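Chain by chain, the residues:
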Amino acid sequence: MFATIEAAPPDPILGLTEAFKADSRPNKINLGVGVYLDETGKTPLLDTVRQAEQRMAAAATNKSYLPIDGDAAYNRCVRQLLFGSDHSLVKNGQALTAQTPGGTGALRVAADYLHACHPTATLWLSNPTWANHDAIFHAADVPTAVYAYFNPKTNSLDFDALIAALHEIPHHDVILLHACCHNPSGVDPTVAQWEQIADVLAQRQLLPLIDFAYQGFGDGLEEDAAGLRAVADRVPELLVCSSFSKNFSLYNERVGALTIVSGDKDSAANVMSQIKVVIRRNYSNPPAHGAAIVRTILTDDKLRAQWLSELTTMRNRINAMRRLFVDTLAKLAPGRDFSFIVDQRGMFSFSGLNKDQVKLLRDEHAIYIVGSGRINVAGMTPGSMDQLCKAIASVL
Ligand code: LMR
């Protein structure tokens, strides 16, 4: 049976990491996968994570199963991060959360739920979007379509085209929005634009599915939730997929969550019961360790404050790299204007580099970026900036 199976193509993002690891050239640079590096080029283990793990090891008593929807205390923390602790949705049971293995796990659970309970709905994705979005929903047999988002001519949000596209989407379809730090473009709506988007979503009776993988990497923990909260204030039902890979630097622990918001407590409970069916058939119940780290940090005032400061350090470093990247390119490639990169937010920038230039960077300079021209700014360091910008200038 296996002899006739053909090899699958490498993953457009994680496949790059495999190729990068196999590359023996010195001074190679990986700006492909979205992983934050500190200025020495290492993925940090946050001090708060280390402290939480020490406490957990000292207090551990068993490794029994978690409930299907995970640890209730962790799930409460997730809702509080999303909406703030005093939000009525949190207090009155209209928002419920299931712990999932990473943000990708949350997306897949949401996809399976949509397929099972809303089989006629199409899922709308921004053009462009994360390379794995379409694949996840396709694998769950959820039909997908795209809506206008990014204007490559201005390197900014095509707001008028976005609003016009939303007006064309049929009632009761699902629209995937990036809460902040849009992946791959780094281009987000302003709060005022979010409010207008939310009004149209409500008017069109669309179900928003909000992918929230970078809370705290844009402008701050609360600031980055402003778009989500504007939607939650205007639209009665939504799905939110959270990831804590980046903001807790917990990539390999696979810590995520799917939160559902419904018009009342009873319908929320019904939806969550269907989500639990999906989870049970998929991975039964989530792994405990990573979520316990997040819960330990968020429920301890001192650790939480220290984590916020570690998060701020990561965000500030990314923004400093954006500035240095633009300034260095301005010196080395004076004919081209890359200043738009400073206005983008989060780990990624859409550089405008085309496929041929991306290939040249990899073949001739051992610099790995995603084929779409997406660059992981959080992977840049002051030490590699000249090498990177010289190489980019040479392929322009
Ligand atoms: C990325 O977009 O690079 C990250 O979200 C990692 C991944 O799984 O693709």
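Residues numbered from 1 in each chain as written. Predicted model: local features only at pLDDT ≥ 70, side-chain atom pairs only at ≥ 80, totals over all residues. Heavy atoms only, no water.

1. Quick word on the pairing of strand β8 (residues 207-212)
- The buried fraction of β8 amounts to 6 of the 6 residues, a majority that puts the element mostly inside the structure.
- What you see with β8 is no split at all: Leu207, Leu209 and Asp211 on one side and Pro208, Ile210 and Phe212 on the other are buried throughout.
- Where strand β7 (residues 174-178) lies against β8, 5 bridges are found, and the strand directions are parallel. Its bridge partner lying in β8, Leu177 is registered against Ile210.
- Where β8 and strand β9 (residues 238-243) come together, 4 bridges link them in parallel fashion. Counterpart to Leu209 in the pairing with β9 is Leu239. (Buried < 20%, exposed > 50% of the residue type's maximum accessible area, 1.4 Å probe, protein only. Helix = DSSP H or I, 4+ residues; strand = E, 2+ residues; numbered from the N terminus. Pairing = 2+ DSSP bridges.)

2. Regarding the site of the ligand
- Near the ligand the following residues occur: Ile13, Val33, Gly34, Trp130, Asn183, Tyr214, Lys246, Phe348 and Arg374.
- In this structure, an oxygen atom belonging to the ligand sits 2.8 Å away from a side-chain N or O atom of Arg374.
- Of the residues in the shell around the ligand, the class split is 5 nonpolar, 2 polar and 2 charged.
- Counting contributing residues, the shell around the ligand receives three or more from each of domain 1 (10-45 + 303-395) and domain 2 (65-299). (Near = heavy atom within 4 Å. Polar contact = N/O pair within 3.5 Å; in protein donor to acceptor, adjacent residues only side chain to side chain. Nonpolar A, V, L, I, M, F, W, Y, C, P; charged D, E, K, R; others polar. Domains from an automatic or database assignment.)

3. A short note on the side chain of Asp224
- Tracing the chain through its elements places Asp224 in the loop between β8 and α9 (226-234).
- A distance of 2.8 Å separates a polar atom in the side chain of Asp224 from the backbone nitrogen of Asp219.
- Setting aside chain neighbours within four positions, we find Asp224 in contact with Ala179, Cys180, Phe212, Tyr214, Gln215, Gly216, Phe217, Gly218 and Asp219. (Contact = heavy atoms within 4.5 Å.)

4. A few points about the domain arrangement of the chain
- Segmenting the chain into domains produces domain 1 (10-45 + 303-395) and domain 2 (65-299).
- For domain 1 versus domain 2, the distance between C-alpha centres works out to 26 Å.
- Between domain 1 and domain 2, the contact holds 25 residues from the first and 29 residues from the second.
- Buried area between domain 1 and domain 2, both sides added, is near 2,400 Å², and the carbon and sulfur share of it is 65%.
- For domain 1, the biggest contributors to the area lost against domain 2 are Trp307, Arg345 and Phe350; these three give 27% of the whole.
- Our count for the contact surface shared by domain 1 and domain 2 stands at 1 salt bridge.
- Notably, a salt bridge pairs Arg345 with Asp219, separated by 2.9 Å at the nearest N-O pair.
- Taken together, the connections running from domain 1 to domain 2 amount to 10 residue pairs in polar contact (both at pLDDT 80 or more).
- Those elements that place two or more of their residues in the side of domain 1 that touches domain 2 are α12 (301-332) and β11 (348-350).
- Of all the elements, α12 adds the most residues to the side of domain 1 that touches domain 2, at 9 residues.
- The residue makeup of the side of domain 1 that touches domain 2, split by class, is 15 nonpolar, 6 polar and 4 charged. (Buried area = accessible area lost by both parts, 1.4 Å probe. Salt bridge = Lys/Arg side-chain N within 4 Å of Asp/Glu carboxyl O.)

5. Describing helix α6 (residues 131-139)
- Taken as a whole, α6 has its buried residues at His133, Ile136 and Phe137. On an axial view of α6, the arc spanned by its buried residues comes to 90°, and they lie on one face.
- Elements that come into contact with the buried residues of α6 comprise α5 (102-117), β3 (123-127), β4 (144-148), β7 and β8.
- With its phi angle positive at about 65°, Asp141 sits one or two positions after the end of α6. (Arc of directions from axis to C-beta.)

6. Some details on the environment of Ala393
- Considering the arrangement of structural elements, one finds Ala393 in helix α15 (residues 385-395).
- In this structure, the C-alpha to C-alpha distance between Ala393 and Leu89, residues 304 residues apart in sequence, is 50 Å.
- Excluding residues within four positions of it along the chain, Ala393 makes contact with Leu332 and Ala333.

7. Description of the packing of α12 against α15
- For the pair α12 and α15, the least separation of the axes is 9 Å and the interaxial angle reads 50°. In terms of axis orientation, α12 runs oblique to α15. The two elements α12 and α15 cross, and the hand of that crossing is right-handed. On the side of α12, the interface is formed by Met321, Leu324, Phe325, Thr328, Leu329 and Leu332, while α15 contributes Met385, Asp386, Leu388, Cys389, Lys390, Ile392 and Ala393.
- For the contact of α12 with α15, the residue count by class is 10 nonpolar, 1 polar and 2 charged. (Axes fitted to C-alpha atoms, helices over the stretch in contact; angles between N-to-C directions. Parallel < 35°, antiparallel > 145°, perpendicular 65-115°, else oblique. Left-handed = near helix turned anticlockwise from the far one by under 90°.)

8. So, a nonpolar patch on the surface
- On the surface, Met1, Phe2 and Ile5 cluster together into a nonpolar patch covering about 500 Å² of accessible area.
- Owing to a relative accessible area of 74%, Phe2 belongs among the exposed residues under this scheme. (Patch = residues over 30% accessible without salt bridge, like charges linked within 9 Å, V, L, I, M, F, W, Y side chains within 5 Å. Areas by Shrake-Rupley, 256 points an atom, 1.4 Å probe, with all protein chains shown as cover.)

9. A word on the pattern of salt bridges
- Here the structure, examined in full by the defined rule, presents 9 salt bridges.
- The salt bridge partner of Arg229 is Glu222, with a shortest N-O separation of 2.7 Å.
- On the basis of relative accessibility, which here comes to 17%, the residue Arg229 falls in the buried class.
- In this structure, Asp327 engages Arg323 in a salt bridge whose closest nitrogen and oxygen atoms are separated by 3.4 Å. Of this pair, Asp327 and Arg323 both sit in helix α12, 4 residues apart, which is roughly one turn of the helix.
- Taking relative accessible area as the criterion, Asp327 reaches 33% and is therefore assigned partly exposed.

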